[in-house]
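So the chains spell out like this:
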Amino acid sequence: MASKGSQERLLAENSMGELAQLAGTAGAEVVGSVSQQLSDPNRSYYVGKGKLEEIIALKESLDYNVVILDDELSPLQQRNLEDALQVKIIDRVALILDIFAGRAHTHEGRLQVELAQHQYLMPRLAGQWSHLERLGGGIGTRGPGESQLETDRRIIHKKIQRLQTKIEEVRKQRNLYRQKRQKSGIPVVALVGYTNAGKSTLLNAMCRADILTEDRLFATLDPTTRRLTLPDKRTVLLTDTVGFIRKLPPVIVRAFRATLEELAEASLLLHVVDLASPDASRQCQTVEDILNELDLSDKPRITVLNKIDVIPGGGQHHDEASGLRFFYEKGYIDSEGMVLLSAEKKWGFKRLLELISHHIQQPTK
């Protein structure tokens, strides 16, 4: 059994590995990494004095121009690090928001991301957003003795209010759509899971859709819904939602409230797990924790263990029978609420469709 210290180190290593993936998704080239175990982050610099000096010393050999931290920084920590390192400082929240900004393509998605960005930036203004005055503040808006920072904060606050109003309109439209959908009696099955678990690939394969799929974190962001015909000829709506991730920023959860409400209205959740990931158990727990935060822990669900064709240590399986046999021999249980499959190779779909049919009751007339 692993010790508490070794478990914490493994968790930190996995989190840093994920941060490197996020950085790559955002277009950055990772040239090095450092870590430090502290009982509490340094209030002024996040890292300790010795570690800060180490990072400064690495600048000459690594020639880095951006430093990305694996937690959310306070405005003070960010400013102090920028002063000490003389490079751009990005925390995990800003990195995820940057990726979301590049992945949102629908009007709703762009509104949600922009709202989250402004909510994140509000406490970090510190006078650095004076250029926003030209976009709506300035003449006639500044009171006697009002500082530039106060002006900037007021401009951002108004922008946040406008975005919240627009998103509330979207939310009302979604509610009307859901009410219409409920009257039609068509059940909704929602895909949930850790980012890059294969949700979009599964939806594409089951519904013959054409959603973008990449081996990258947050490859798709905008929700997508398609019709799916079950073996008993009944129809359900299969909807894909934003992928979850460890340390999911609260601003993201708040901004995507309208989208995440789709989960609450679903008759059934399909929790897609990337079984090929060495961190699969913790990713699974992260999703369960977020569902619990959204008061969805009691929602009926099927656990979909995906990517059984490329399991580390299990070798590449060339057909569905051998792929499933490997897991039976290893002691995995294919119970009533669980199915093993490969979305990429369409293995295990028959079993999944049977489970969905079993969970979805005949719609009332």
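Residues numbered from 1 in each chain as written. Predicted model: local features only at pLDDT ≥ 70, side-chain atom pairs only at ≥ 80, totals over all residues. Heavy atoms only, no water.

> An account of the overall build of the protein is requested, with residue identities and associated values reported.
Looking only at helices and strands, the protein features twelve helices and ten strands. Here the protein holds 365 residues, and the buried ones make up 46% of them. Nonlocal contacts in the protein, meaning residues at least 24 apart in sequence, comprise 68% of its contacts between residues at least 6 apart. Split by element, the accessible area of the protein, about 19400 Å² in all, is 49% carbon and sulfur. (Helix = DSSP H or I, 4+ residues; strand = E, 2+ residues; numbered from the N terminus. Buried < 20%, exposed > 50% of the residue type's maximum accessible area, 1.4 Å probe, protein only. Contact = heavy atoms within 4.5 Å. Areas by Shrake-Rupley, 256 points an atom, 1.4 Å probe, with all protein chains shown as cover.)

> So what's going on with the pairing of strand 6 (residues 268–274)? Which residues, and what values?
The element strand 6 is extensively covered by neighbouring structure, given that seven of its seven residues are classed as buried. Side chains Leu268, Leu270, Val272 and Asp274 project from strand 6 onto one buried face, and the interleaved Leu269, His271 and Val273 project onto a second face that is buried too. Here five bridges tie strand 3 (residues 188–193) to strand 6, and the two strands are oriented parallel to one another. Bridge pairing links alanine 190 to leucine 269 in strand 6. Handedness of the β-α-β unit built from strand 6, helix 10 (residues 280–293) and strand 7 (residues 301–306) comes out right-handed. (Pairing = 2+ DSSP bridges. Right-handed = clockwise from strand over helix to strand, strands pointing away.)

> Help me get a handle on the pattern of salt bridges, residues and values and all.
All chains considered together, the criterion is met by twelve salt bridges. Between arginine 246 and aspartate 279 there is a salt bridge, and its shortest N-O distance comes to 2.3 Å. Highlighted residues: arginine 246 in the loop between strand 5 (235–240) and helix 8 (250–255) and aspartate 279 in the loop between strand 6 and helix 10, separated in sequence by 33 residues. Residue arginine 246 is classed as buried on the basis of its relative accessible area of 9%. In this structure aspartate 279 comes out as buried when scored by relative accessible area, which is 7%. The structure contains a network of salt bridges with shared partners spanning Glu18, Asp70, Asp71, Arg92, Arg246, Lys247 and Asp279. (Salt bridge = Lys/Arg side-chain N within 4 Å of Asp/Glu carboxyl O.)

> I'd like to hear about unusual backbone geometry, residue by residue, with values.
The backbone phi angle of lysine 307 is positive, close to 70 degrees, even though this residue is not glycine. The residue lysine 307 is located in the loop between strand 7 and strand 8 (310–311) in this model. Judged by relative accessible area, which is 19%, lysine 307 ranks as buried. Non-glycine residue lysine 346 carries a positive phi angle of around 60 degrees. With respect to the helices and strands, the residue lysine 346 is situated in the loop between strand 10 (338–340) and helix 12 (349–359).

> So what about the confidence of the model for the protein? Which residues, and what values?
For the protein, per-residue confidence averages 79 on the pLDDT scale, and residues scoring 70 or more make up 78% of the total. Within the protein, the lowest mean pLDDT, 48, falls on strand 9 (residues 315–316), and the highest, 94, falls on strand 1 (residues 66–68). Confidence over residues 129–145 falls short of pLDDT 50; this stretch has 20 contacts with residues more than four positions distant or in other chains. (pLDDT = per-residue confidence, 0-100.)

> Before we move on, can you summarise the nonpolar core with the specific residues and values?
Phe100, Phe244, Ile252, Leu263, Leu269 and Leu291 are the most contacted members of the largest nonpolar core, which has 35 residues in total. The set of elements that each furnish at least two residues to this core consists of helix 1 (4–25), helix 4 (92–103), helix 5 (107–121), strand 3, helix 8, helix 9 (257–265) and helix 10. Looking at which element gives the most residues to this core, the answer is helix 4, with seven residues. Those residues within four positions of leucine 269 in sequence are excluded, and the remaining contacts are Ala190, Val192, Leu263, Leu291, Lys299, Pro300, Arg301 and Ile302. The next biggest cluster of nonpolar side chains, apart from the first, holds 26 residues, and it includes Leu191, Cys207, Leu355 and Ile360. (Core = buried A, V, L, I, M, F, W, Y, C linked by side-chain atoms within 4.5 Å.)

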